[in-house]
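Inside the fold
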Amino acid sequence: MAEETPQTLPATTPIVQVPVKSGEDWKVVVPRRGKQRRKRNNPKIETIEQAPWAPTDIETDPVKESKLMQKIQLCINTLENSKFYSTILNQIQTPQILSYFTSVLASEPKMQMVIYGIGSIDSYETPRLQLALAILIKRKFDWIGDIEVFDPVLSKTESNVLAALGCSVMSVNEQGRRQVVKPTMFFMPHCEAILYDNLLQANWKAEFLNRIVLFGNSFEKYAESILEFKNLTSFDNSVNHLLTIQRFSVEAKIEIVSDEYFRPFHDSSWHFFNLDQDMDLELKVH
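The structure reproduced in this document is the subject of the present report. (Residues numbered from 1 in each chain as written. Predicted model: local features only at pLDDT ≥ 70, side-chain atom pairs only at ≥ 80, totals over all residues. Heavy atoms only, no water.)

**Quick look at the overall build of the protein**
What counts is decided by this rule: Strands are runs of DSSP state E lasting at least two residues, helices are runs of H or I lasting at least four, and both sets are numbered from the N terminus onward. Between buried and exposed lies partly exposed: a residue is buried under 20% and exposed over 50% of the maximum accessible area for its type, with that area taken using a 1.4 Å probe on protein chains only. We call two residues in contact when some of their heavy atoms are within 4.5 Å. With residues, only the protein chains shown are counted as cover, and all accessible areas are computed by Shrake-Rupley using a 1.4 Å probe.
In terms of regular secondary structure, the protein is built from 10 helices and 9 strands. A total of 286 residues make up the protein; the buried ones form 52% of that total. Put simply, 81% of the contacts in the protein that link residues at least 6 apart link residues at least 24 apart. Carbon and sulfur atoms form 50% of the exposed surface of the protein, whose accessible area is close to 13,900 Å².

**Here's the deal with the pattern of salt bridges**
Put simply, the test is: In what follows, salt bridge is the name for a side-chain nitrogen of Lys or Arg lying within 4 Å of a carboxyl oxygen of Asp or Glu.
Taken as a whole, this structure holds 4 salt bridges when the rule is applied. Between Glu-207 and Lys-205 there is a salt bridge, with the nearest N and O atoms lying 3.4 Å from each other. Residues joined in a network through salt bridges with shared partners are Glu-148, Glu-174 and Arg-178.

**Here we look at the side chain of Asp-197**
Mapped onto the fold, Asp-197 is located in helix H6 (residues 193–202). A relative accessible area of 1% places Asp-197 in the buried class. With residues up to four places along the chain from it excluded, the contact list for Asp-197 reads Ser-238, Val-239, Asn-240, His-241 and Leu-242.

**Quick look at H6**
Buried residues dominate H6, accounting for 10 of its 10 residues. Turning to H6, its buried residues number three or more, namely Ala-193, Ile-194, Leu-195, Tyr-196, Asp-197, Asn-198, Leu-199, Leu-200, Gln-201 and Ala-202.

**Considering the packing of aromatic side chains**
Quick reminder of the rule: Only rings of Phe, Tyr and Trp enter the pairing, Trp through its six-membered ring, and a pair is recorded when the two centres are within 6.5 Å. The plane angle decides the type: under 30 degrees is stacked, over 60 is edge-to-face, the rest tilted.
Within this structure, the stated rule accounts for 12 aromatic pairs. Relative to Phe-272, the ring of Tyr-100 has its centre 4.7 Å away and its plane inclined at 50°; by these criteria the two rings are tilted. Placement of the pair is Tyr-100 in helix H3 (residues 95–105) and Phe-272 in strand E9 (residues 268–273), with a sequence separation of 172 residues. Take Tyr-100: its relative accessible area is 1%, and that puts it in the buried class. On the numbers, 4.8 Å between centres and 5° between planes, the contact of Phe-187 with Phe-215 is stacked. You can see Phe-187 sitting in strand E6 (residues 184–188) and its partner Phe-215 sitting in strand E7 (residues 212–217), a full 28 residues away along the chain. Owing to a relative accessible area of 0%, Phe-215 belongs among the buried residues under this scheme. The structure contains a cluster of three or more aromatic residues connected by ring pairs, namely Tyr-100, Phe-101, Phe-141, Trp-143, Phe-187, Phe-215, Trp-270 and Phe-272.

Now the structure itself:
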C-alpha cells in the first residue's frame, strides 16, 4: 500500500467527557511489592530509578538483523491493510478524539512518542504488531514526532533494527518515571500496573498530566481487577495514582474487530487528562 499523506490537526476544540465501555475476560498483572512511594504532589524522580542501560549482548549479526527487519515489515504491511488499523485511524480522526490531541499539543507542532515495555520484538509477534501500530501512527500523522523505545529485554540486534526503523533506544532505564517537559504520547500496551503508576506519580500535577496522551491498558479494567483482588487477600497501595486518576481522565476504548489482533491490543484504550491548572490532586488511598 502506498504511504498516505500525513494528517494535520484542526484548531483546538473543547474537550467533552465520553463514557467508557466495559468488556469481559480481562486479567490484571498483580503489581509487585516495592518500596513505599510518596503520596504528595509533584514527587521527585529519584536518581536510583534512572539506571544506565545497555543490551547485555554485544555481538551484532547482520543476517539476524535482516531477518528481524523482514518480520517487522511484514507486520507493518499486514496491519496497514487490516480492518483493525482502519478502525483505529477512524477513531483518531473523529472530531472529538482529535480535539483531545489538539488540547495536549497546545501551541507545540509535535508530540513525541515514548514506548515503554515493548518486550522482545525478535522472539514474539505480539510486540512486533504493537511496534507496527506505533510506527504506522507516526507515518500517518505529521504531528507525531520522534519515537523513543525502552525495554530491558531488548538485545543489540533488536536495538539496531529499531534504530534502522527510525526509533531511538534509550540508554537509561527510567522505570516509567519520565516527567514530561513537552507534549508526549506514552505508548504502553499491556504494561504492568506499577509502570503506569510510576509514570503518573512522576507527573502528579495538572501542568504535566495535561501534556500526556497514554495508549495502554484500560484503567477502568485495572481498577476493577485490582479492587477485586484487594478484597480477596492482602494488597499494597503501590498503584494508588492509577486508581485515583480515573476521576480526572477520559478513556476511549480501542475496538478489536478481528481475532488476530486480540492478543496484542485487547482491552487497550486511549487516556487523556483534562485538569484545571491550579487543581491540587489529592491522592486517594485505597
